[in-house]
Amino acid sequence: MKNIFILFCFIIVNLSFSQKKQDFTVNSTNGKIEVKIAVNDKISWSILHENDLILAPSEMAMTLDENNVLGKNPVVLNSKKESVNTSFETPLYKKKSVKDQYNKLTINFKNDFAIEFRVFDDGAAYRFVTKKKKDITIKSEEVVLNFDKDYSTLMPYVRDLRNPKDPYISSFEAHYENKKISEFTKDTLAFLPFLIDYKNHKKAVFLEVNLEDYPGLFVTNNKNKIGFESRFSKYPLKEANGGFNNINRLITERADYLVKTKGTRIFPWRAIVISESDARISE
């Protein structure tokens, strides 16, 4: 009986330790942007620009096969901060080279994954990194964007009627509509990028970067109506001709997963660009 009691106490102490809340902070080099990461039973991040709340605490997670959720009851192994100040050349931009300066935080978790955060002077981003030896199946990803007020948006809605049974078809040529977050069009999706207007000369554009071997991100209203949650198209299994003059390939059947991919890889960035003036947004 004594041994059972000791074992019980050990389990309780171990569970309490593993679920202890941990907070991390990383700032931009100019000090204007502060990203806060909270690790408890879930992982969330929030963003402050000076004293303005750009993003309220928003959760992130990735579900693999066999209901293995990266981000549920996470256990931090270690973390590392770095500062990067470099540049890269580009033939597509108005400048020959682009400055690439940011502060970086990488949090390594038990279960062979990490989340990398980067904070620039004009925005912030995070991405999942997996370090598994075998190939993996991604069943879903949770991307949440919460706000403290019902801000105005410029939002491109899916308006493609070629395949009403599959909402993930889009030519990405939709008009941007100016509506409040709570006025998000019911029973539809929107795609990226979209803009939030904070009414104090500050705006934020939400987008994804480094999208490779992975479906694109769509969003819809979340339950509190002043935020968004992710929707992803499942992997296509069957196609058929349809649409205008029957010249389009329309998806008629999808799998129950997003993608089957390498176990060791980086995933797309979930990025937020913050601007203090309209003229700076395109920069």
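The rules behind the values
All residue numbers refer to positions counted from 1 along the written sequence of the respective chain. Reporting of local features is limited, given that this is a predicted model, to residues whose pLDDT is at least 70; pairs of side-chain atoms are given and counted only at 80 or more, and all residues count toward the totals for whole chains, interfaces and linings. In computing side-chain values, all of the structure's heavy atoms are included and hydrogens and water are not. Every case where a carboxyl oxygen of Asp or Glu lies within 4 Å of a side-chain nitrogen of Lys or Arg is listed as a salt bridge. By the criteria applied, helices consist of DSSP H or I runs no shorter than four residues and strands consist of E runs no shorter than two, each listed in order from the N terminus. The classification of residues rests on relative accessible area computed with a 1.4 Å probe and restricted to protein chains. Under 20% of the type maximum is buried, over 50% is exposed, and intermediate values are partly exposed. Note on aromatic contacts: the rings of Phe and Tyr and the six-membered ring of Trp form a pair at centre separations within 6.5 Å, being stacked when their planes are under 30 degrees apart, edge-to-face when over 60 apart, and tilted otherwise. For a Lys NZ or an Arg CZ to count as sitting over a ring, it must be within 6 Å of the ring centre and within 35 degrees of the ring normal.

(A) Fine view of the pattern of salt bridges. By the definition in use, this model includes 22 salt bridges. Its salt-bridge partner being glutamate 116, residue arginine 127 comes within 3.2 Å of it at the nearest N-O pair. Here the residue arginine 127 occupies a position in strand β9 (residues 123-131), and glutamate 116 occupies one in strand β8 (residues 113-120), the gap between them amounting to 11 residues. Here arginine 127 matches glutamate 116 in class, with each residue buried. The partner of arginine 249 in a salt bridge is glutamate 239, and the shortest N-O contact between them spans 3.6 Å. Pair noted here: arginine 249 is in strand β19 (residues 248-254) and glutamate 239 is in strand β18 (residues 236-242), with a separation of 10 residues, a long-range link. The exposure class of arginine 249 is exposed, given its relative accessible area of 51%. Since its relative accessible area comes to 44%, glutamate 239 is described here as partly exposed. Beyond isolated ion pairs, a larger network of salt bridges with shared partners links Glu82, Lys104, Glu116, Arg118 and Arg127.

(B) Broad picture of the packing of aromatic side chains. Throughout the structure, instances matching the rule amount to 20 aromatic pairs. When the ring of phenylalanine 147 is compared with that of phenylalanine 206, the centres are 5.7 Å apart and the planes differ by 85°; the resulting orientation is edge-to-face. Residue phenylalanine 147 is found in the loop between β10 (136-146) and β11 (152-156), and its partner phenylalanine 206 is found in strand β15 (residues 203-209); the two are separated by 59 residues along the sequence. According to the relative accessible area criterion, phenylalanine 147 is buried, its value standing at 4%. Look at phenylalanine 206 and you get buried, because its relative accessible area is 2%. Grouping aromatic residues by their ring pairs yields a cluster made of Trp45, Phe109, Phe113, Phe117, Tyr126 and Phe128. Note that arginine 265 overlies the ring of phenylalanine 267, its terminal NZ or CZ placed 4.2 Å from the centroid.

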